[in-house]
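# Secondary and tertiary structure notes
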Amino acid sequence: MLDSNKDSLKLEAMKRIVAMIARGKNTSDLFPAVVKNVACKNIEVKKLVYVYLVRYAEEQQDLALLSISTFQRGLKDPNQLIRASALRVLSSIRVTIIVPIMMLAIKEAASDMSPYVRKTAAHAIPKLYSLDPEQKDQLIEVIEKLLADKTTLVAGSVVMAFEEVCPERIDLIHKNYRKLCNLLVDVEEWGQVVIINMLTRYARTQFLNPNLNECLLEEGGESTFYGSDADQDEDEDEDKKDEALSKRKPYVMDPDHRLLLRNTKPLLQSRNAAVVMAVAQLYFHLAPKAEVGVIAKALVRLLRSHSEVQYVVLQNVATMTIKRRGMFEPYLKSFYIRSTDPTQIKVLKLEVLTNLASETNISTILREFQTYIKSMDKDFVAATIQAIGRCATHIGEVRDTCLNGLVQLLSNRDELVVAESVVVIKKLLQMQPEKHSDIIKHMAKLTDNIQVPMARASILWLIGEYCEHVPKIAPDVLRKMAKTFTNEEDIVKLQIINLAAKLYLTNSKQTKLLTQYVLNLAKYDQNYDIRDRARFIRQLIVPTDKCGALSKYAKKLILALKPAPILESPFKDRDHFQLGSLSHLLNTKAGGYQELPDWPQDAPDPSVRNVEVKESVRAVGTVPEWTKCSSREKRKEKKVEKPFYSDSEGESGPTESADSESDSASSSASGSEQSGSGSEESEESEERSDSDEEEEEEEEEYMSLDVLMGPTPSPQVTPVGNFLSSSLVTDLEGLSLTDTVLSPATISPSGSLKSYELLHRITGEGLWVEYCFSRQPFLPDPHMVAVQIQFTNSAATEAKSLRLEEAKLQSGMRVKEFPEIEVLPAGESATVVMGVDFCDSTQAANLQLCTHSRKFFVSIQPPVGELMTPSFMTENEFKKEQGK
Amino acid sequence: MYCSCCFSLPNSSGFSVATMNGQLKKCHIAITSFIDSCSPFLIPSSLSPSLCDSSHNLDSLPIVAVEMIHSLFLINHSGDIFLEKHWKSVIGRSVCDYFFEAKEKAAEPEDVPPVLQTPHHYLISIYRDRLFFLSVIQTEAPPLFVIEFLHRVVETFQDYFGECSETVIKDNVVTVYELLEEMLDNGFPLATESNILKEMIRPPTILRTMVNTLTGTSNFEERLPSGQLSTIPWRRSGVKYTNNEAYFDVIEEIDAIVDKSGTTVCAEIQGVIEACVKLTGMPDLTLSFMNPRLLDDVSFHPCVRFKRWEAERVLSFIPPDGNFTLMSYHVNAQNLVAIPVYVKQNISFFESGSGGRLDLTAGPKQTMGKTVEGLVITVHMPKAVLSASLTATQGSYTYDPATKVLVWDIGRLNPQKLPNLRGSLSLQAGAPKPEDNPSINIALKIQQLAISGLKVNRLDMYGEKYKPFKGVKYVTKAGKFQVRT
């Protein structure tokens, strides 16, 4: 069918072949017939041929080469999607001979003008690297270039390539660090995970430990050069340390460190669990102790997700709770167990609950545990009993309560429960055996009933160990055991021998014969372990003529005081693995795991991250908040240099903010704007910096525009100026909607906007009205121009109910009035925003301005520039449009 | 997406006014970058997913670490592999044997550990819709990353085929394969937004299947999948509807544990807002709440502008086309949660161990004046319970002796006449009195009520001229609502 001329037949054939591949059948013998169709015109056939090719090219290298030329042609295609897909398939064909071709293709694609092709290039890098690692150096060059890319589309993929090819080249990140931080919110979800993980590692090498104090304590007070951040640590114990260290240089968080923390925080709200986890681990590893808490809420939210997600999250939470218990304490109830949870989730929740147990909440937790014990899921009950044991060892006050509860369980009908309780009781008793001889007695009685070997063995061991406390019962138990010795399990037999030996040493009068008897039985046991033990014990304790040196010490050997076992969480010390990683989950190092480096002793030079200007004033202590961080899709590449700009503005006023990359056209434009506006407020200057970037970005893709328009000196009136500012306004629209549009009263008129007089002070009888075109989008109606009106009441009395009434409007013109100002006290001023649809004409809008007492006729006349909106197009488009 | 990217002169039509909606901006990048190449070419980008990689030449080259997902196996309930897909070199099916071993050990399919370690690979699996999705990775990768991706795959299948079952996947194996190709490139997720995928690969419909078989036309979109290039990857370009509608369903679930005596051990409300938006063009929506303070913890669809939420507590977004989950939230735990129903229960077994007695009564508690519907009470009985002979005053009950689950389907709860179920239970002969307690799970539904009191204030649309039809619906359901006995 593949040789047929009809596409439909070919398609049918390819579908069958793909279905066979999917089922795992070998179809490699069809290779020659399939590969012929690579140039087929029908896209669906083509696509399936690609699927086939990629699957089998490795096995049929020579034949696969036949297809290469098709892809090479595709790489030159004017359509970016075709270029990208050609590169994608080409790089997926694992044939060593074409490595040079691939290298070339990747290099070319990396400087393609389409971000999508560049993204594909980034994807191709690891493929080529795994095919031929010798290309590493060349590939690193490409990665370096792509890292400098400013589009969100590329960022995730290139960091992924970086992680795979050269994770050790941390120096490549320096220059791009701030950009990556700022872009992060807009990168697609999967890219976010990779970037966050990479940045965690990066931050560990570049910044100082914000929790240094705590570490000092942990390390036993060895003094390090850097001191403490007293404001961030709540531990009282550290006060002394603080005093000692207070003379030293205080810890100040690097603003870049802060930047990372701030920019990742919104991602805790992601719908993607992997992103949330990535941010959580970043905070856990990098944030000051006081700030880590924010992740708890998000992690708890993930517990509502699929059970697999719960499984992973609970593992990580379990590790976190060991180090930072307080963080999850408020969410204790979220870890309560439902009978419908799968067992593995129940056990993990139990682990978390146990870790969270403290003096204050232990009673609630124990009450919960009580209900769990009655569960139908026996594995879970066993785990609960162990958890009770752990709580009891850690929290002294409840030990007796727990012990009593466990003893009650001994009468449970279920053997597993009893056995588990016995084992746990044994451990608990070891801590303070003196007080609890009655429990030991009770347990001794149980030997008649309990059949679970482990539990029997535990009881026997207990009796043997503490036979002084139960002198009367112990020999009796031994007697019973001797009777059933032959039928016992091996583990029980060993404990019988132990018990016999211990009793022999303490109470040889009563038990001598019994011991002899047991040892004799053991001598002929099938198990050599038991025979060995019996022989050893006999030599050790029974005095013979050749009495070895050892037997003198028999008592010391056997009845030595044994330390109580420490019941510990299996999650202890897991945190040396990066949380959220596979290695952490498995608690072994997985292949390709990148160790999380320790904090450096001294911070490496932070200036490596400065992008182009040297001054970069470091904000000390607090960093300026740029609240306008942006809505996701608006961010894009423009924000790249934001921190830098804001830094410089916050500290040193206007500086030479020319971008190194922006050429004369853009810098002259930005320069002119700068000169046009004398004193700037921070908002204003931020806009300006935006416009620089804006310009730069446009310049990248719309070079033609600059050439066409040319730089113009006065930005207010000319199209270019308008173009600049209103486009940036558009950018800011999403971010600053609150203060600009919805609550217009807070707008501060920007210095660069020209004001026109609407009503003179004298004609207005003290009321002075000015208006300017704020160049903000007027939200209620996109067709309207926002006009910002400032009322100043210079009269001695207050003006009441200021409002507009439409008087004579040109046909088609519409006005959206501002909300009435009820009172304007004397000497005060107020600002409002109204919308006017001028219908593309420069005709004035004639309006009536009313106060409580008078009416004024006023008119708003728009300059041409204020009516325009920026728009981008390619050169061709423009010419076409021009030709009309 | 806006295609009329003209340099708008004052009198040109279209965007004549200085104000402009912010969205325009970002589409320019996408548009300009492909306008130059806008030949009516067929799409190969989608054709050519790349997979392979990794060290194929093992003897001559060192094995290089490759990241992320290597292969995917779909395994049905009985343990047959019915689909496999490799994004790098092929890994033999034998790798799944480790998984089968673990599956044998686990009592329930849910109990299979999601992450398994084998000598050379790591297996990460999820269990959904009675199918196992097993992915193979070779090196360190965040497990949640893989798990989340697998769930996304399942959701895509559900979106495409209506359900995700073995038969459906087998019937659409070629589409499934193409989807998988698009979703991962070299083991790294590429396009996971269903809107983009649908632009590249059309979901099958009965009509189209018929047409395709008759005419032999293709299943692929012949347009360029522009969504992949845009910075709003979740929305298709050029969406058109004759009826413009936007529906929002506020669905709240009560998670609660009520103890034996009827006191609430813990209760919280989890809510989601499911949206179905069918609007032409590129609308920019703003949804505000009467009482946003209620929301304690939220997570959003990527389309929601987080900064505006932080600043003003409104949801501002350009919606994806069609159905999507706009946000999910958690209602502040400090507020007391209203528990809509109570269940009085008395389940006891005789000391002799021959049988037991069951008496259940359900009644309304805090229903805010609404009717409780779809009330279903499920009791997981101890293993020893053989059968139940009960009488229900309302609804019907079934007892499945294999799973030991008693289901009592009550339906609408009538506050005047409380439904009651009582009767006797018989135990296995000779079995001792069970010590473990049955647990009771409740399912219910209350229409026109969000139990937390959350209310949508208004929905505004910017960026488009037409008037959309808007609708908001509230539903309260029981989530993990459990009564202990």
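Residues numbered from 1 in each chain as written. Chains lettered and ligands numbered in written order. Predicted model: local features only at pLDDT ≥ 70, side-chain atom pairs only at ≥ 80, totals over all residues. Heavy atoms only, no water.

## Looking at the overall build of chain B
- The secondary structure content of chain B amounts to eight helices and 23 strands.
- Burial analysis of chain B (485 residues in total) assigns 62% to the buried set.
- Contacts in chain B between residues far apart in sequence, at least 24 positions, make up 69% of those at least 6 positions apart.
- Carbon and sulfur atoms form 52% of the exposed surface of chain B, whose accessible area is close to 18300 Å². (Helix = DSSP H or I, 4+ residues; strand = E, 2+ residues; numbered from the N terminus. Buried < 20%, exposed > 50% of the residue type's maximum accessible area, 1.4 Å probe, protein only. Contact = heavy atoms within 4.5 Å. Areas by Shrake-Rupley, 256 points an atom, 1.4 Å probe, with all protein chains shown as cover.)

## Comments concerning the overall build of chain A
- Of the regular secondary structure elements, chain A holds 41 helices and nine strands.
- The proportion of buried residues among the 884 residues of chain A is 61%.
- Long-range contacts, defined as pairs at least 24 residues apart, comprise 67% of the intrachain contacts of chain A with a sequence gap of at least 6.
- Surface accessibility of chain A: about 35500 Å² in total, with carbon and sulfur atoms responsible for 52%.

## Considerations on the sheet that holds strand β22 (residues 456-462) of chain B
All names here are of chain B.
- Pairing in this open sheet of three strands is antiparallel, and the strands run β12-β10-β22 from one edge to the other. Lying at the two open borders of the sheet, with one neighbouring strand each, are β12 (314-317) and β22. Taken pair by pair, the neighbouring strands of this sheet meet at an average axis angle of 10°, ignoring direction.
- Pairing geometry for strand β10 (residues 284-289) and β12, over four bridges, is antiparallel. Bridged to Ser288 within β12 is Val314. (Pairing = 2+ DSSP bridges. Axes fitted to C-alpha atoms, helices over the stretch in contact; angles between N-to-C directions.)

## Focus: the environment of Pro126 of chain A
All names here are of chain A.
- Its place among the elements puts Pro126 in helix α7 (residues 115-131).
- When its relative accessible area of 1% is taken as the criterion, Pro126 is described as buried.
- Taking the C-alpha atoms as reference points, Pro126 and Val165, separated by 39 residues in sequence, lie 6.4 Å from one another.

## Examining the sheet that holds strand β11 (residues 295-300) of chain B
All names here are of chain B.
- Spatially, nine strands are ordered β11-β13-β9-β8-β23-β21-β16-β19-β18 in an open sheet, and the strand pairing comes out mixed. Two strands lie at the open edges of the sheet, namely β11 and β18 (396-400), each paired on one side alone. Each strand axis lies, on average, 15° off the axis of its neighbour in the sheet, ignoring direction.
- The pairing of strand β9 (residues 264-278) with strand β13 (residues 322-331) spans eight bridges and is classified as antiparallel. By the bridge assignment, Glu274 is partnered in β13 with Thr325.

## Here we look at the pairing of strand β8 (residues 845-850) of chain A
Residue and element names in this part refer to chain A.
- Within β8, five of the six residues are buried, which leaves it mostly tucked inside the rest of the structure.
- The pairing of β8 with strand β9 (residues 855-860) spans six bridges and is antiparallel. Directly across from Ala845, in β9, lies its bridge partner Ile860.
- As consecutive antiparallel partners, β8 and β9 are separated by four residues.

## Notes on the packing of aromatic side chains
- Counting across every chain of the model gives 21 aromatic pairs over all chains.
- Pairing Tyr177 of chain A with Phe207 of chain A gives two aromatic rings, centres 5.9 Å apart and planes at 70°, and the pair type is edge-to-face. Here Phe207 of chain A lies in the loop between α12 (189-206) and α13 (212-218) and Tyr177 of chain A lies in helix α11 (residues 177-183), a separation of 30 residues in the sequence.
- On the numbers, 5.4 Å between centres and 45° between planes, the contact of Tyr372 of chain A with Phe380 of chain A is tilted. For the pair Tyr372 of chain A and Phe380 of chain A, a shared accessibility class is recorded, and that class is buried.
- By way of ring pairs, the aromatic residues Trp190 of chain A together with Phe145, Phe149 and Phe188 of chain B are connected into one cluster. (Phe/Tyr/Trp six-rings, centres within 6.5 Å; stacked < 30°, edge-to-face > 60°.)

## A few points about helix α5 (residues 173-183) of chain B
- Most of α5 of chain B sits out of view: 11 of its 11 residues are buried.
- Every buried residue belonging to α5 of chain B is among Val173, Val174, Thr175, Val176, Tyr177, Glu178, Leu179, Leu180, Glu181, Glu182 and Met183 of chain B, and all of these are buried.

## Notes on the side chain of Asp255 of chain B
- Along the chain, Asp255 of chain B falls in strand β8 (residues 245-258).
- Within the structure, the side chain of Asp255 of chain B is placed 2.5 Å from the side chain of Arg304 of chain A, a separation counted as a polar contact.
- The contacts of Asp255 of chain B, once residues within four sequence positions are left out, are Arg304 and Arg338 of chain A together with Cys266, Ala267, Glu268, Gln270, Gly479 and Lys480 of chain B. (Polar contact = N/O pair within 3.5 Å; in protein donor to acceptor, adjacent residues only side chain to side chain.)

## Regarding the pattern of salt bridges
- If you walk through the whole model with that rule in mind, you get 39 salt bridges over all chains.
- It is possible to trace a salt-bridge network through shared partners that takes in Lys47, Arg88 and Lys127 of chain A together with Glu182 and Asp185 of chain B. (Salt bridge = Lys/Arg side-chain N within 4 Å of Asp/Glu carboxyl O.)

## Observations regarding the confidence of the model for chain B
All names here are of chain B.
- Mean pLDDT over chain B: 77, with 79% of residues reaching 70 or higher.
- Counted against residues more than four places away or in other chains, residues 1-66, with its pLDDT under 50, gives 225 contacts.
- Across residues 216-223, confidence stays below pLDDT 50; counting only partners more than four residues off in sequence or on other chains, it has 31 contacts.
- Reported confidence for the predicted complex is 0.79 by ipTM and 0.69 by pTM. (pLDDT = per-residue confidence, 0-100.)

## A closer look at empty space enclosed by the protein
- According to the stated counting rule, one finds 18 cavities of 30 Å³ or more in the structure shown.
- Forming the boundary of the second largest cavity are 19 residues, of which Leu303, Arg304 and Ser334 of chain A together with Glu268 and Gln270 of chain B lie nearest the centre.
- Within the residue set of the lining of the second largest cavity, elements represented by two or more residues are α17 (294-302) of chain A together with β9 of chain B. (1 Å grid on protein atoms, 1.4 Å probe; cavity = no way out; pocket = protein on both sides within 12 Å on 5 of 7 lines; lining within 4 Å. Points joined across faces, edges and corners; volume = space filled by probe spheres on them.)

## A look at unusual backbone geometry
Residues and elements named next belong to chain B.
- Unlike most non-glycine residues, Asp129 shows phi in positive territory, near 50°.
- In this fold, Asp129 is placed in the loop between β4 (122-128) and β5 (131-137).
- Located in the positive-phi region is Arg313, a residue other than glycine, with phi close to 60°.
- In this structure, Arg313 sits in the loop between α8 (306-312) and β12.

## Side note on the packing of helix α15 (residues 255-264) of chain A against helix α16 (residues 273-286) of chain A
Residues and elements named next belong to chain A.
- It is at 10 Å that the axes of α15 and α16 come closest, and there the two elements cross at 150°. The angle between α15 and α16 places the two elements in the roughly antiparallel class. Handedness of the crossing formed by α15 with α16: left-handed. On the side of α15, the interface is formed by His257, Leu260, Leu261, Arg262 and Thr264, while α16 contributes Val279, Leu282, Tyr283 and Leu286.
- Here the residues of the contact of α15 with α16 sort into six nonpolar, two polar and one charged. (Parallel < 35°, antiparallel > 145°, perpendicular 65-115°, else oblique. Left-handed = near helix turned anticlockwise from the far one by under 90°. Nonpolar A, V, L, I, M, F, W, Y, C, P; charged D, E, K, R; others polar.)

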